Amino acid sequence: MMERLLIWANRGHHGLPVGVEGTLFLLQALSFDSQTDSEQVGKDVQARSLYSLALLRFINHVSHLAASVIGGSTLPIFKLASQVDIPSWLVDLRHEISHGVNIPSLEILRLSATFIKNWLKENYWIPTGSSAENSNNILSGSVLQTETQRSENCEVANSDIEVNATFSTLSEITSAYIASRVYHLRHCFEIRDTKILKFWPKKKRITTKEALKYLKHELSNSLSHQAPLTCAVLAEEMIPRPDFYAEFRQLFSENTEIVFQGLWKPILKMVQRKGNLIELIDKLMEIHMGEDLSEKRQEMSGIWLKVILSMTGFAQRIIH
């Protein structure tokens, strides 16, 4: 089943219906936990990270869906979760993880995974595969099934061309920003690169400082208005093309990996400041766990996951 969901996830940039995405994250955690040698170094940490991310996504998504159905966007998560039969202990776990109060043990996280799996089966997959027209429960249809229908309708109403164009534009802005950062590191105070100057069609040159300021502002604005799509773009751009990285290695032969990560430092801090690191981690996880993955993409996505988790202090809290 996980293979089919991964294929669905890779079809385009629309994102998966919430029930499908929640199932995919859960299956990835369960798969890793079941297939990994219990004696493997770091296995416990990685398994708890995957389970924790799956739990965060599940509670956040289901709470948003409950709010959209009952019109209670200002209600606390405990109240929203109770409307869709999510027990308070599961919400407590979510708070412990997101606020770093305490990272639950692997045993507790496995229990939460069992509940989530059963909840998705009863309230998403079974209702989606059969008629629920006669149900008066708030989950009738269900909430998640309604979201699936809404998502499918949106895919028809909003053309692939428009979404892909937005993705492409954001990719170009991100690439231009990173290229401008390279100019900055090389102490070039003026840019004449046509791929960057395309954002200023009337100019033949621009200062590096001006370019960085404008492009970062555009990314910040995009992150504020369409965070999931922006994080998807950033995750893809964080995995450098072989030709770019080869050229970059020639320019910065010493500490290449550290210097490359430094290019992204302002962007990562901006994402963290806006509270979107979890979404960026999700997108990198999708890349890291994808089937059609080269060894280099898997290695680089894994490196970035470690870097970002260290920024949040998440990994350290698990270890301690």
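Residues numbered from 1 in each chain as written. Predicted model: local features only at pLDDT ≥ 70, side-chain atom pairs only at ≥ 80, totals over all residues. Heavy atoms only, no water.

*Asks:* Describe the confidence of the model for the protein chain, naming the residues involved and giving the relevant values.
*Replies:* When pLDDT is averaged along the protein chain, the result is 76, and 72% of the positions lie at 70 or above. Of the regions scoring below 50 in pLDDT, residues 5–14 engages in 25 contacts with residues more than four places distant in sequence or in other chains. (pLDDT = per-residue confidence, 0-100. Contact = heavy atoms within 4.5 Å.)

*Asks:* Describe in detail unusual backbone geometry, supporting the description with residues and values.
*Replies:* Non-glycine residue Asp 85 carries a positive phi angle of around 65°. Relative to the helices and strands, Asp 85 resides in the loop between α4 (77–83) and α5 (88–99). Accessibility expressed as a relative area gives 48% for Asp 85, which makes it partly exposed. One non-glycine residue, Asn 255, lies in positive phi territory at about 55°. Counting through the fold element by element, Asn 255 comes out in the loop between α12 (242–251) and α13 (256–263). (Helix = DSSP H or I, 4+ residues; strand = E, 2+ residues; numbered from the N terminus. Buried < 20%, exposed > 50% of the residue type's maximum accessible area, 1.4 Å probe, protein only.)

*Asks:* Got a sec to walk through the side chain of Arg 181? Specific residues and values, please.
*Replies:* Positionally, Arg 181 belongs in helix α8 (residues 160–185). Summary of buried charges: Arg 181 has no salt-bridge partner, and the nearest side chain of opposite charge, Glu 237, is 14 Å away. Only 2.9 Å separates the side chain of Arg 181 from the backbone oxygen of Gly 262, close enough to count as a polar contact. Apart from residues no more than four positions distant in its own chain, Arg 181 is found in contact with Leu 212, Gly 262, Leu 263 and Pro 266. (Lys, Arg positive; Asp, Glu negative; His and termini not counted. Salt bridge = Lys/Arg side-chain N within 4 Å of Asp/Glu carboxyl O. Polar contact = N/O pair within 3.5 Å; in protein donor to acceptor, adjacent residues only side chain to side chain.)

*Asks:* Residue-level account of the pattern of salt bridges, with values.
*Replies:* Using the criterion set out here, one finds 6 salt bridges in the structure. With a closest N to O distance of 2.9 Å, Lys 203 and Glu 210 form a salt bridge. Residue classification places Lys 203 among the partly exposed residues on the basis of a relative accessible area of 36%. Judged by relative accessible area, which is 33%, Glu 210 ranks as partly exposed.

*Asks:* Before we move on, can you summarise the packing of aromatic side chains with the specific residues and values?
*Replies:* According to the stated counting rule, one finds 12 aromatic pairs in the structure shown. A ring pair is formed by Tyr 245 and Phe 248, whose centres lie 6.4 Å apart and whose planes are at 25°; its orientation type is stacked. One end of the pair, Tyr 245, and the other, Phe 248, are both in helix α12, 3 residues apart, so they sit about a helical turn from each other. Its relative accessible area of 8% is what places Tyr 245 among the buried residues. Residue Phe 248 is classed as buried on the basis of its relative accessible area of 2%. Ring pairs connect the aromatic residues Phe 244, Tyr 245, Phe 248, Phe 252, Phe 260, Trp 264 and Trp 304, which therefore count as one cluster. (Phe/Tyr/Trp six-rings, centres within 6.5 Å; stacked < 30°, edge-to-face > 60°.)

*Asks:* Can you tell me about the nonpolar core, naming the residues and giving the values?
*Replies:* Counting 71 residues, the largest nonpolar core has Phe 58, Ile 86, Trp 264, Leu 280 and Trp 304 as the members making the most contacts within it. Considering each element in turn, this core owes the most residues, 11 residues, to helix α3 (residues 43–70). Apart from the residues lying within four places of it in its own chain, the contact partners of Ile 86 are Phe 58, Ile 59, Val 62, Ala 81, Val 91, Phe 115 and Trp 119. Within the second largest apolar cluster, 5 residues are counted, among which are Phe 167, Leu 170, Ala 232 and Val 233. (Core = buried A, V, L, I, M, F, W, Y, C linked by side-chain atoms within 4.5 Å.)

*Asks:* Let's hear about the packing of α12 against α13: which residues, and what values?
*Replies:* Interaxial distance between α12 and α13 falls to 10 Å at its minimum, and their mutual angle equals 115°. The angle between α12 and α13 places the two elements in the roughly perpendicular class. At the point where α12 passes α13, the crossing takes the right-handed sense. Contact residues: α12 offers Phe 244, Tyr 245, Phe 248 and Arg 249, while α13 offers Thr 256, Glu 257, Val 259, Phe 260 and Leu 263. When grouped by side-chain class, the residues that make up the contact of α12 with α13 number 6 nonpolar, 1 polar and 2 charged. (Axes fitted to C-alpha atoms, helices over the stretch in contact; angles between N-to-C directions. Parallel < 35°, antiparallel > 145°, perpendicular 65-115°, else oblique. Left-handed = near helix turned anticlockwise from the far one by under 90°. Nonpolar A, V, L, I, M, F, W, Y, C, P; charged D, E, K, R; others polar.)

*Asks:* I'd like a description of a nonpolar patch on the surface, backed by residues and values.
*Replies:* The grouping of Trp 89, Ile 108 and Leu 111 at the surface amounts to a nonpolar patch, some 280 Å² of accessible area in total. Locating Ile 108 in the fold gives a position in helix α6 (residues 106–129). The partly exposed category is assigned to Ile 108, whose relative accessible area is 34%. (Patch = residues over 30% accessible without salt bridge, like charges linked within 9 Å, V, L, I, M, F, W, Y side chains within 5 Å. Areas by Shrake-Rupley, 256 points an atom, 1.4 Å probe, with all protein chains shown as cover.)

*Asks:* For the environment of Lys 79, give the residues involved together with the corresponding values.
*Replies:* For Lys 79, the position within the fold is in helix α4. Given the relative accessible area of 42%, Lys 79 is considered partly exposed. Taking the C-alpha atoms as reference points, Lys 79 and Ala 66, separated by 13 residues in sequence, lie 9.5 Å from one another.

*Asks:* Lay out helix α14 (residues 265–273) in plain terms, naming residues and giving numbers.
*Replies:* Taken together, the buried positions of α14 are occupied by Pro 266, Ile 267, Leu 268, Met 270 and Val 271. Gly 275 sits one or two residues past α14 and shows a positive phi near 75°.

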